[in-house]
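Commentary on secondary and tertiary structure
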Amino acid sequence: MSQPSLLVLYGSQTGTAQDTAQRIGRQAQRRRLQVNVLPLDHYNVASLISESLVVFVSSTAGQGDPPDNMKNFWKFVFRKSLPVGSLRNLDCSHFSLRHSDSWSTIFTHRFNFVAKKLQKRLLQLGANALLPVGLADDQHDLGADAVIDPWLDAFWEKVFSLYPSMAAVIPLREDEPLPPTYTFHFLDDVSEKTEDRLKIPTEQSVPSQSRPFPARLVSNCRVTDSSHFQDVRHIEFDISGSDIQFSAGDVVMMYPCNAPEDVQQFCELLRLDPGATFSLRATGSTAVPPRLPQPCSVRHLVEKHLDVAAVPRRSFFELLSTFATNEVEKEKLLEFSSAAGQDELHSYCNRPRRSALEVLADFPHTTAELKVDFLLDLFPEIQPRSFSIASSLLAHPQRLQILVAVVRYKTKMYKPRRGLCSNWFASLDPQAQGEVYVPLWVKKGSLKFPKEKDPPVIMVGPGTGLAPFRSAVQERIAEGKHDNVLFFGCRSESKDFFYRSEWEEKMEAGHLTLFTAFSRDQLLWDLIANRSACFYIAGNAKDMPSSVCDALKEVFQQEGGLSSEEAEQMLATMESTGRFQSETWS
């Protein structure tokens with residue numbers, strides 16, 4: 001049997017599954033296989049019947065949903081019209097990653113749900129699974145690598161048994177750099193095209209990730225007291241002329257930018273002129289990233305595309321090690337790249353949240369050897385951030401509002417750690433900077449509120465988890481739905497009671513019942529058991545959801561007289577019928 005070509009298809013929401021897919025692709029290249037690595041929605045799924053060897057890498061987004069860049073594939077492959085046996089010539093394997101927040105311990109059927117369901121469907125269509133699905137949890141102490149290393153060993157062993165001719169192929173050495181995905185061609189006396197970047201689209205099309213709408217920033221106001229430890233911003237955008245529509249529970253998406261001081265340091269470390277312009281050319285079949293203009297400036301590349309402020313993954317050190325000529329640096333980079341060195345890497349990078357930019361500064365000799373052509377292989381693209389919309393078009397026409405906590409915290413690193421997007425937001429000031437535009441688009445969120453007027457709605461939103469419920473309350477009141485119960489947790493009435501005057505106005509009108517502590521057991525039981533209320537949670541995913549669920553089950557037992565098992569089943573039934581919903585983030 002001749003050597004196979006390998007297709008690696010991935011669905012990734014935060015970039016972790018994409019990184020894993022690219023790692024598999026590099027391993028295939030070192031084994032001198034012809035390989036293609038693509039997002040699932042960039043692949044013509046009808047061609048799957050002619051493939052012989054495919055690896056699927058997927059993550060599970062939200063509460064068991066497929067990532068955005070595999071949703072079209074997902075819809076196609078689950079068509080009932082697809083004939084059984086249509087994939088009988090396909091050998092495949094599936095690796096799945098899941099961010100196991102506390103929801104995974106509450107509703108265990110959601111853990112790696114996408115991979116399990118897709119694998120079952122592929123088998124129904126006749127595909128042959130080479131291995132059981134690899135199920136990884138990126139919250140494991142050693143990350144997904146704790147599962148993927150042995151899984152990959154088993155995968156290649158299986159491939160070698162299917163294709164014995166591969167045993168005669170001499171693989172590339174691990175320290176030998178692979179060809180870059182792109183090459184940079186610097187241009188003289190050519191300026192970057194910027195005039196169309198923030199132009200309001202004239203054609204009628206709904207803004208999307210590929211065509212975001214440049215919304216004018218109307219206001220950016222701190223809503224916590226200046227003495228409060230947390231800086232929380234109420235941010236408003238003007239979306240006039242955008243054709244953007246949204247409902248309560250929807251989210252707005254946008255790409256953040258790196259801080260100017262990080263852009264400057266990066267260019268200094270790599271001895272790059274930020275004003276230089278270049279065109280980018282692919283060395284293989286991979287398309288040039290659509291968000292990069294052609295020609296493009298180095299400043300634009302670093303500011304808006306390369307995720308230099310992120311904590312680097314293992315793959316970063318693998319590639320960096322191939323450029324090392326200094327023996328001390330090379331030895332350390334190889335250790336961080338190895339399976340045995342993952343605990344050491346975790347201590348160096350993950351625990352203190354050390355950024356890729358700081359790693360470059362720690363390895364100056366290797367950084368000096370870096371070739372510009374490898375920048376897009378070394379640094380992942382900045383991922384879009386999502387925020388729950390905190391307003392309703394019925395209350396604020398042509399406006400979109402969000403509530404953002406500015407992330408700043410200390411680790412053992414000298415400089416405080418800063419969230420990329422929230423601190424970028426904090427730096428935007430239309431009063432001082434003149435008109436500021438932010439390209440954005442809207443997508444459906446995970447929360448769905450009842451269309452009917454009758455069911456009461458119970459909402460639990462501590463901190464910025466309040467955002468989607470402000471949108472819901474505004475929308476429901478405008479629609480004449482006044483059975484709204486809101487539980488909002490804050491530390492101080494005078495420092496972080498968001499939108500207090502607005503809530504008081506709605507309470508006086510009889511349109512809202514507000515509690516600042518989760519302790520109304522009899523009311524909760526009556527609304528849920530006797531009036532079929534819908535229950536919603538939004539906020540930090542770490543401990544809050546499980547704490548609320550435990551409290552809710554206790555209400556079922558104390559007020560409803562249910563056993564522990566019956567309370568557990570009641571909550572599970574509410575979740576499966578859509579009466580219990582959540583939107584959480586880490």
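Everything quoted here is computed from the prediction, not taken from an experiment.

So, how was this worked out
- The residue count restarts for each chain, going from 1 along the sequence in the order it is written.
- Where totals are concerned, whole chains, interfaces and linings use all residues; where local detail is concerned, this predicted model gives features only for residues with pLDDT of at least 70, and gives and counts side-chain atom pairs only at 80 or more.
- Excluded from the side-chain calculation are hydrogens and water; included are all heavy atoms of the structure.
- What counts as a helix is a DSSP run of H or I of at least four residues, what counts as a strand is a run of E of at least two, and both are numbered from the N terminus.
- With a 1.4 Å probe rolled over the protein chains alone, any residue whose accessible area is under 20% of its type maximum counts as buried; one over 50% counts as exposed, and the rest are partly exposed.
- The criterion used for residue contact is that any of the two residues' heavy atoms lie within 4.5 Å.
- Two N or O atoms form a polar contact when they lie within 3.5 Å of each other; inside protein one atom must be a possible hydrogen donor and the other a possible acceptor, and for residues adjacent in sequence the pair counts only when both atoms belong to side chains.
- UniProt positions are given in the numbering used here, feature names are shortened, and annotations may be inferred rather than shown by experiment.
- Across the chain, each position has a pLDDT score giving the predictor's confidence in that residue, from 0 to 100.
- Strands qualify as paired when DSSP identifies two bridges or more between them.
- A right-handed crossover is one whose linking path, passing over the helix from the first strand to the second, runs clockwise when the strands point away from the viewer.
- Each Phe, Tyr or Trp ring, with Trp reduced to its six-membered ring, pairs with another whose centre is within 6.5 Å; inter-plane angles below 30 degrees give stacked pairs, above 60 give edge-to-face pairs, and intermediate values give tilted ones.
- Think of it as a cone above the ring: NZ of Lys or CZ of Arg counts as a charge over the ring if it is within 6 Å of the ring centre and within 35 degrees of the ring normal.
- We define a salt bridge as a side-chain nitrogen of Lys or Arg found within 4 Å of a carboxyl oxygen belonging to Asp or Glu.
- Inter-axis angles, ranging from 0 to 180 degrees, are taken between N-to-C directions of lines fitted to C-alpha atoms, where helices are fitted over the stretch in contact.
- Helix crossings fall into two classes, left-handed where the near helix is turned counterclockwise from the far one by less than a right angle and right-handed where it is turned clockwise.
- Amino acids outside the nonpolar list (Ala, Val, Leu, Ile, Met, Phe, Trp, Tyr, Cys, Pro) and the charged list (Asp, Glu, Lys, Arg) are all regarded as polar, and Gly is one of them.
- A 1.4 Å probe that fits into a set of points on a 1 Å grid over the protein atoms alone but cannot get out defines a cavity; an open set with protein on both sides within 12 Å along at least five of seven lines defines a pocket, and lining residues are those with an atom within 4 Å of a point.
- Grid points are joined across faces, edges and corners, and a volume is the space filled by probe spheres set on the points.

A look at the environment of Arg-385
With respect to the helices and strands, Arg-385 occurs in strand 13 (residues 385-388). Residue classification places Arg-385 among the partly exposed positions, given a relative accessible area of 26%. In the structure, Arg-385 is positioned 37 residues away from Ser-422 in sequence and 9.6 Å away in space, judged by C-alpha atoms. Leave out the neighbours within four places in its chain, and Arg-385 touches Val-252, Met-253, Met-254, Pro-256, Leu-420 and Cys-421. Polar contacts involving the side chain of Arg-385 include one to the main-chain carbonyl oxygen of Gln-383, which spans 2.7 Å.

A short note on the UniProt feature "binding site: NADP(+)" (unreviewed entry) in the protein chain
Mapped onto the present numbering, the UniProt feature "binding site: NADP(+)" (unreviewed entry) falls at Thr-464, Ser-519 and Arg-520. Topologically, Thr-464 is positioned in the loop between strand 18 (457-460) and helix 16 (467-478). Residues in contact with Thr-464, not counting those within four places in the same chain, are Val-232, Leu-403, Val-404, Ala-405, Phe-498 and Trp-585.

Some remarks on the confidence of the model for the protein chain
When the pLDDT values of the protein chain are averaged, the result is 90; 92% of them are 70 or greater. Note on residues 101-105: pLDDT is under 50 here. Beyond four places in sequence and across chains, it has 17 contacts.

Overview of the pairing of strand 9 (residues 232-238)
Within strand 9, seven of the seven residues are buried, leaving the element largely enclosed by the surrounding structure. Neither face of strand 9 is left uncovered, since the one carrying Val-232, His-234, Glu-236 and Asp-238 and the one carrying Arg-233, Ile-235 and Phe-237 both have all their residues buried. As paired strands, strand 8 (residues 213-222) and strand 9 are joined by six bridges and run antiparallel to one another. Bridged to Arg-222 within strand 9 is Arg-233. Here strand 9 pairs with strand 14 (residues 399-405) via seven bridges, running antiparallel. Each residue of the ladder has a partner; that of His-234, found in strand 14, is Leu-403.

Side note on the UniProt feature "binding site: FMN" (unreviewed entry) in the protein chain
Per the UniProt record, "binding site: FMN" (unreviewed entry) is annotated on Ser-12, Gln-13, Thr-14, Gly-15, Thr-16, Ala-17, Ser-59, Thr-60, Ala-61, Gly-62 and Asp-138. Tracing the backbone shows Ser-12 in the loop between strand 1 (5-11) and helix 1 (16-30). Accessibility expressed as a relative area gives 9% for Ser-12, which makes it buried. Of note is the side chain of Ser-12, whose polar atom sits 3.3 Å from the backbone nitrogen of Gln-18.

Some words on the environment of Asn-44
Take Asn-44: it is sitting in the loop between strand 2 (34-39) and strand 3 (53-60). Since its relative accessible area comes to 48%, Asn-44 is described here as partly exposed. Placed 29 residues apart in sequence, Asn-44 and Phe-73 show a C-alpha to C-alpha distance of 8.6 Å.

Some remarks on the pairing of strand 2
Of the pairings in the sheet, the one linking strand 1 to strand 2 comprises six bridges and is parallel in character. What sits directly across from Leu-9, in strand 2, is Leu-38. Tracing the backbone out of strand 1, into helix 1 and back to the parallel element strand 2 gives a crossover that is right-handed.

A word on the sheet that holds strand 11 (residues 277-282)
Overall, antiparallel pairing links the three strands, which are arranged 7-11-12 in an open sheet. The open sheet has two free edges, formed respectively by strand 7 (182-187) and strand 12 (296-297), since each of these has just one partner strand.

Considering the packing of aromatic side chains
Scanning the entire structure with this criterion turns up 27 aromatic pairs. On the numbers, 5.6 Å between centres and 45° between planes, the contact of Tyr-255 with Trp-441 is tilted. In this pair, Tyr-255 sits in the loop between strand 10 (251-254) and helix 6 (260-269) while Trp-441 sits in strand 17 (residues 437-443), placing the two residues 186 residues apart along the sequence. Grouping residues by exposure puts Tyr-255 and Trp-441 together as buried. Pairwise contacts between aromatic rings join Phe-266, Phe-316, Phe-317, Phe-336, Tyr-348, Phe-363 and Phe-379 into one cluster. Directly above the ring of Phe-78 sits Lys-117, whose terminal nitrogen or CZ lies 5.2 Å from the centroid.

Quick look at the pattern of salt bridges
Overall, the coordinates contain 27 salt bridges when judged by the stated rule. Between Arg-314 and Glu-318 there is a salt bridge, with its nearest N and O atoms 3.5 Å apart. Here Arg-314 pairs with Glu-318, and both are found in helix 8 (residues 314-321), just four residues apart, close to one helical turn. Arg-314 sits in the buried class, given a relative accessible area of 10%. Here Arg-417 makes a salt bridge to Glu-358, at a shortest N to O gap of 2.8 Å. One end of the pair, Arg-417, is in strand 16 (residues 417-418); the other, Glu-358, is in helix 11 (residues 356-362), and 59 residues separate them in sequence. Accessibility classification places Arg-417 together with Glu-358 in one group, the buried group.

Section: the sheet that holds strand 19 (residues 484-487)
Read from one edge of the open sheet, five strands run 20-19-18-21-22, paired in parallel fashion. Looking at which strands have only one partner, the edges of the open sheet turn out to be strand 20 (513-515) and strand 22 (580-585). Taking each pair of neighbouring strands and ignoring which way they run, the sheet shows an average axis angle of 15°. Here strand 18 pairs with strand 21 (residues 534-540) via four bridges, running parallel. The residue of strand 21 that forms the bridge with Val-457 is Cys-534.

Section: the packing of helix 1 against helix 5 (residues 145-162)
As a packed pair, helix 1 and helix 5 sit with axes 12 Å apart at the nearest point and diverge in direction by 35°. The hand of the helix 1/helix 5 crossing is right-handed. Only Asp-145, Ile-148, Asp-149, Leu-152 and Trp-156 of helix 5 make contact with helix 1, whose side of the interface consists of Thr-20, Arg-23, Ile-24, Gln-27 and Ala-28. Grouping the constituent residues of the contact of helix 1 with helix 5 by class yields five nonpolar, two polar and three charged.

Section: the layout of surface pockets
Roughly 200 Å³ of internal volume is contained in the second largest pocket. What lines the second largest pocket is a set of 13 residues, and nearest its centre among them are Ser-247, Ala-248, Phe-449, Lys-451 and Glu-475. Across the lining of the second largest pocket, the residue classes break down as four nonpolar, one polar and eight charged.

A few points about the packing of helix 16 against helix 17 (residues 500-508)
Closest axis-to-axis distance for the helix 16/helix 17 pair is 12 Å, and the angle between their directions is 35°. For the crossing formed where helix 16 meets helix 17, the hand is left-handed. Only Glu-502, Trp-503 and Lys-506 of helix 17 make contact with helix 16, whose side of the interface consists of Arg-470, Val-473, Gln-474 and Ile-477. A class-by-class count of the residues in the contact of helix 16 with helix 17 yields three nonpolar, one polar and three charged.

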